[in-house]
Amino acid sequence: MSERTIAVISAGIGQPSSTRLLADQLAAATRADLEHRGVAARPHPVDLRDHAHDLVNNLLTGFPPAALQPTADAVRGAAGLIAVTPVFNASYSGLFKLFFDVLDDAALVDKPVLIAATGGTARHSLALEHALRPLFAHLRAVVVPTSVFAAPEDWAGATATGPLNARIGRAGRELADQIARREPAAPADPFALTTSFEELLAGE
Ligand SMILES: Cc1cc2nc3c(=O)[nH]c(=O)nc-3n(C[C@H](O)[C@H](O)[C@H](O)COP(=O)(O)O)c2cc1C
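Every value quoted in this text rests on a predicted model; they were computed, and no experiment measured them.

Chemist: Sorry if this is basic, but what is going on with the pattern of salt bridges here?
Modeler: A side chain of one charge can pair with a side chain of the opposite charge if their charged atoms are brought near each other. This model, assessed by the stated rule, comprises 12 salt bridges. A salt bridge links Arg20 to Asp24, with the shortest nitrogen-to-oxygen separation between them at 3.2 Å. Remark: Asp24 and Arg20 occur in helix H1 (residues 18-36); sequence separation between them is four residues, near one turn of the helix. With a relative accessible area of 12%, Arg20 lands in the buried category. Here Arg133 ties to Glu129 by a salt bridge, and the two come within 2.6 Å at their closest N and O atoms.

Okay, structure coming up:
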């Protein structure tokens with residue numbers, strides 16, 4: 001059974017973080033669905049708060065600091081991405097956006113992505129549709145139809161058969177479906193040149 005990696009990004013700030021909790025539940029649902037189809041999957045959790053300073057340095061210098069490189073590589077090489085942000089001022093958080101601003105333009109092309117968010121009020125759930133979905137459409141990712149929003153009342157009333165869990169299950173199923181229908185990525189060659197000699201000579 002070939003194993004697929006799922007990058008699970010949370011831009012949550014709190015400790016503990018409801019955004020991380022939602023991201024983990026989405027990863028578990030996706031993994032369970034993939035395993036049901038005979039596809040092994042390994043979530044790769046990423047907490048952007050741990051990389052906040054490096055992300056700013058990357059933006060200012062144009063180069064990823066050494067500590068950020070493995071995370072960027074993991075997202076680039078993942079079979080799928082779960083991207084979860086807290087809603088800040090009716091949109092994604094600045095930290096969430098910053099990660100995708102410093103990731104190269106082609107990193108998410110054709111990559112299956114599940115979008116989700118947490119917030120203080122369910123009134124802002126459409127931030128997923130007016131902010132996150134267009135961002136990932138611009139990056140040419142394949143965003144699954146079901147997005148998941150969790151407000152405080154969703155957590156308070158959460159049960160195994162409740163609406164939040166049902167939505168998590170449906171979104172996980174849709175992401176698993178997109179991952180399973182693609183060929184597993186070939187293992188990355190650590191010695192491969194990512195820049196051509198022409199680009200090197202031109203100082204790019
Ligand atoms: C600066 C700031 C702005 C926020 N703006 C919104 C908002 O516009 N709408 C909303 O529903 N929640 C808003 N919130 C609440 C957070 O989205 C909510 O607390 C989030 O679930 C926290 O996630 P965490 O526990 O993973 O850090 C805001 C919180 C902060 C700190």
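Having seen it, we continue.
Chemist: Explain the pairing of strand S3 (residues 80-86) here, please?
Modeler: Most of S3 is tucked away, with seven of its seven residues classed as buried. The alternating pattern of S3 places Gly80, Ile82, Val84 and Pro86 on one face and Leu81, Ala83 and Thr85 on the opposite face, and all of these are buried. By the bridge criterion, six bridges tie S3 to strand S4 (residues 112-118) in an arrangement that is parallel. Considered in S4, the bridge of Ile82 is made with Leu114. Of the crossover connections in this fold, the one passing from S3 over helix H4 (residues 94-102) to the parallel S4 is right-handed.

Chemist: Looking at this structure, I do not really get the site of the ligand. What am I missing?
Modeler: Neighbouring the ligand are 16 residues; Gly14, Ser17, Thr19, Val87 and His124 lie closest to it. Residue Gly14 places a main-chain N or O atom 2.7 Å away from an oxygen atom belonging to the ligand. One of the backbone N or O atoms of Ala90 is found 2.9 Å from an oxygen atom in the ligand. Within the complex, the protein chains bury 66% of what would otherwise be the 650 Å² of accessible surface of the ligand. Partitioning the shell around the ligand into residue classes produces five nonpolar, 11 polar and no charged.

Chemist: I'm lost on H4 in this one. Help?
Modeler: Within an α-helix, residues lying three or four positions from one another point in the same direction, as the helix has 3.6 residues per turn. Along H4, the residues that are buried comprise Leu95, Phe96, Leu98, Phe99 and Phe100. On its buried face, H4 sits against strand S1 (3-10), helix H2 (52-61), helix H3 (69-77), S3 and helix H5 (127-138).

Chemist: Explain the nonpolar core here, please?
Modeler: Formed by 35 residues in total, the largest nonpolar core has its most connected members in Leu81, Phe100, Leu108 and Phe136. Where this core is concerned, the elements lending two or more residues are S1, H3, S3, H4, S4 and H5. Sorting elements by how many residues they give to this core places H5 first, with six residues. Contacts of Leu81, omitting those with residues within four sequence positions, involve Ala7, Ile9, Val75, Phe100, Leu108, Lys111, Pro112, Val113, Leu114, Phe136 and Leu175. The next biggest cluster of nonpolar side chains, apart from the first, holds 22 residues, and it includes Val8, Ala27, Leu114 and Ala171.

Chemist: What exactly am I supposed to notice about the side chain of Arg182 here?
Modeler: Following the sequence through the fold, Arg182 ends up in the loop between helix H7 (163-180) and helix H8 (197-201). Polar contacts involving the side chain of Arg182 include one to the side chain of Asp110, which spans 3.0 Å. If we ignore the near neighbours within four places in the chain, the residues touching Arg182 are Arg4, Asp110, Pro112 and Val142.

Rules used in this analysis
- Residues numbered from 1 in each chain as written.
- Predicted model: local features only at pLDDT ≥ 70, side-chain atom pairs only at ≥ 80, totals over all residues.
- Heavy atoms only, no water.
- Salt bridge = Lys/Arg side-chain N within 4 Å of Asp/Glu carboxyl O.
- Helix = DSSP H or I, 4+ residues; strand = E, 2+ residues; numbered from the N terminus.
- Buried < 20%, exposed > 50% of the residue type's maximum accessible area, 1.4 Å probe, protein only.
- Pairing = 2+ DSSP bridges.
- Right-handed = clockwise from strand over helix to strand, strands pointing away.
- Near = heavy atom within 4 Å.
- Polar contact = N/O pair within 3.5 Å; in protein donor to acceptor, adjacent residues only side chain to side chain.
- Areas by Shrake-Rupley, 256 points an atom, 1.4 Å probe, with all protein chains shown as cover.
- Nonpolar A, V, L, I, M, F, W, Y, C, P; charged D, E, K, R; others polar.
- Contact = heavy atoms within 4.5 Å.
- Core = buried A, V, L, I, M, F, W, Y, C linked by side-chain atoms within 4.5 Å.

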